[in-house]
Each structure stands twice: as structure tokens, then as C-alpha cells.
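Notes for the structure review
What follows is the residue order along each chain.
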Amino acid sequence: MVGLDLGRNLGRYHKDRRFSRDASSHASEIRQISASIVASTCMKYLMDVTIALIGLLVLSPMIIMLMGSLLILQGRPIFIAHRRIGKNGVMFPCLKFRTMVRNADEVLSRHLNANPSFREEWNTTRKLRDDPRITPFGALLRKSSIDELPQLINIIRGEMSLVGPRPIVAGEAELYGIHYSDYIRVRPGLTGLWQVSGRSDMSYSERVQLDARYVAEQSLVGDIAIMLKTIPAVLSSRGSY
């Protein structure tokens, strides 16, 4: 009986040691993965801020000229700070050059009420090809995506990234459905898969799928590839309106 008990105890001892080693190995793997995620996040932020600062410095003469042109052609305000959903669901002021009339919400409401077909387009894409709110000079800025240059400041402030899902308003959250949790895992981007895949020529559901795919597959190499693809996408103005 003593020998049997001793055998059982030894067996339990070896089993506990194996369990301890497995648990220790698993914990080590988790720590390594966490450290890798933190390092990747830090590198991404460092790249974002560095490129954004260089961009602001290089583009500052053009930005100053645009500010003067907007002041003359449209008056104040030159910039708008639209409330958008950021990482972890935190709202932030997304900066843009003003490209719309001052009473844009009122104009949109009247237009959609008078044109049911446009309401269907708006509900599907959250954009209008013939948007009555956009000023002539604003249309030019939007076509070239120059209206989004002030978002370099959002990047420096840590509210946005160079690459990620485009920032959405509160009313769009429900359109993301189960993928809303993916959206708020990362900082919104100045560009992303949607921008280099057709932008407004795509349906909103396709946009959501691209955002979810980006979050699942994101990497620094992937971000660089998207940034390089953004240049020809912007120059071609495909899907931009």
C-alpha cells in the first residue's frame, strides 16, 4: 500500500511539474506577444508623427496659400472640427478645410426630403455624387483630397494614424454592426484600404469589410504599402467626390 501511494504521489508530482512548465511556457508566449504588439504600436506611432511633422513642414507654404484662398472665396471658418469616433470609442475633433456651405446640415435635410432617390444614395454610401452642400472651390479640394491635410495635426496629437479606417461619425457606428468593435481597436487613418480600393465607388458594407480586414491583418509593411498606393489613388481621383 505504501508503494502504491508513493507511486501515485510521484505520478501526481510529475504531472504537476508538466502542468507548471506548460503554464509557464504559455505565460511566456503571452508576454512575448504583448511585447511585440507594444513595440509595433510604438513604431507605428513614431512613424506617424515623424511623417506628419515632415509633411506639415514641407506643405506649409501650400497650406498657407490655401488658407488665404479659402478666406477670400468662402470666408470664415476656414477649418471645421467635426466630431468623429476614435480609438476605444473616444470622440475627437477631426480637422478639415471647410468645403461646404455654412448651413450644410439644413441644406442636406432639404435636399434629401425633396429627392427620395438621393436619400437612398445617402443611406447606402453616406455620400452624394451631386452634393448641394459643397462649394465650387471645396469640390476641387475634395477631388484632390487636399481638404484632409489638416488631419496631419490630428496624427501628431495621437488622435489619428497615417493608415487605418477612415474616421466615422456617431450615426455611422450602427452601420458597422459586429465590426464596430474592430473599428475602435485602432486609431482612424488619413488613408487606408478603402481609399486605395475605390473609395466612394464602393458600397458602405464593402467599406466596413475592408476596415475589418485591415484591423485583422495590419502591419508596418502593410501600412507602407497602403501609403505608396495612396499616391496614385489620389492623383487619379478615383471614387473621390
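Quick look at the structure, then.

So, how was this worked out
Residues numbered from 1 in each chain as written. Predicted model: local features only at pLDDT ≥ 70, side-chain atom pairs only at ≥ 80, totals over all residues. Heavy atoms only, no water. Phe/Tyr/Trp six-rings, centres within 6.5 Å; stacked < 30°, edge-to-face > 60°. Helix = DSSP H or I, 4+ residues; strand = E, 2+ residues; numbered from the N terminus. Buried < 20%, exposed > 50% of the residue type's maximum accessible area, 1.4 Å probe, protein only. Salt bridge = Lys/Arg side-chain N within 4 Å of Asp/Glu carboxyl O. Pairing = 2+ DSSP bridges. Axes fitted to C-alpha atoms, helices over the stretch in contact; angles between N-to-C directions. Parallel < 35°, antiparallel > 145°, perpendicular 65-115°, else oblique. Contact = heavy atoms within 4.5 Å. Nonpolar A, V, L, I, M, F, W, Y, C, P; charged D, E, K, R; others polar.

**A closer look at the packing of aromatic side chains**
Within a pair of aromatic rings, the relevant descriptors are the distance that separates the centres and the angle that separates the planes. Under the definition given, this model contains four aromatic pairs. Taking the centre distance of 6.3 Å and the plane angle of 20° together, the rings of tyrosine 180 and tyrosine 183 count as stacked. Here the residue tyrosine 180 and the residue tyrosine 183 both occupy positions in helix α7 (residues 180-183), the gap between them amounting to three residues, near one helical turn. Taking the relative accessible area as the measure of exposure, tyrosine 180 reaches 24% and is therefore partly exposed. We classify tyrosine 183 as buried; its relative accessible area is 1%.

**What about the pattern of salt bridges?**
Tallied over the full model, the rule gives nine salt bridges. The partner of arginine 157 in a salt bridge is glutamate 159, with the nearest N and O atoms 3.0 Å apart. Under the relative-accessibility criterion, arginine 157 is labelled partly exposed at 46%. For glutamate 159, a relative accessible area of 19% puts it in the buried group. Arginine 213 serves as the salt-bridge partner of glutamate 217, at 3.5 Å between the closest nitrogen and oxygen. Here glutamate 217 and its partner arginine 213 are both found in helix α8 (residues 204-217), four residues apart, which amounts to about one turn of the helix.

**Thoughts on the pairing of strand β1 (residues 79-85)**
When β1 meets strand β2 (residues 91-97), the two strands line up antiparallel, connected through seven bridges. Within the sheet, the bridge partner assigned to isoleucine 85 lies in β2 and is methionine 91. Counted along the chain from β1 to the antiparallel partner β2, the turn is five residues long, and its residue asparagine 88 has a positive phi close to 60°.

**Description of the packing of helix α2 (residues 104-114) against helix α3 (residues 116-125)**
At their nearest, the axes of α2 and α3 sit 5 Å apart, and the two run at 120° to each other. Compared by their axis directions, α2 and α3 come out oblique. Along the contact surface, α2 presents Leu108, His111, Leu112, Asn113 and Ala114, while α3 presents Pro116, Phe118, Arg119 and Trp122. Classifying every residue of the contact of α2 with α3 by side-chain character gives six nonpolar, two polar and one charged.

**Topic: unusual backbone geometry**
In terms of backbone geometry, most residues other than glycine have negative phi values and most peptide bonds are trans. In this model, arginine 76 is joined to proline 77 through a cis peptide bond whose omega is 0°. Looking at where proline 77 falls in the secondary structure, it is placed in the loop between α1 (2-73) and β1. Its identity as a non-glycine residue notwithstanding, asparagine 88 has a phi of 60°, on the positive side. Within the secondary structure layout, asparagine 88 lies in the loop between β1 and β2. Even without being glycine, serine 145 reaches a positive phi, approximately 65°. Within the secondary structure, serine 145 sits in the loop between α4 (136-143) and α5 (151-156). Of the residues examined, serine 145 reaches a relative accessible area of 12% and is grouped as buried.

Shape descriptors only; they carry no functional weight alone.
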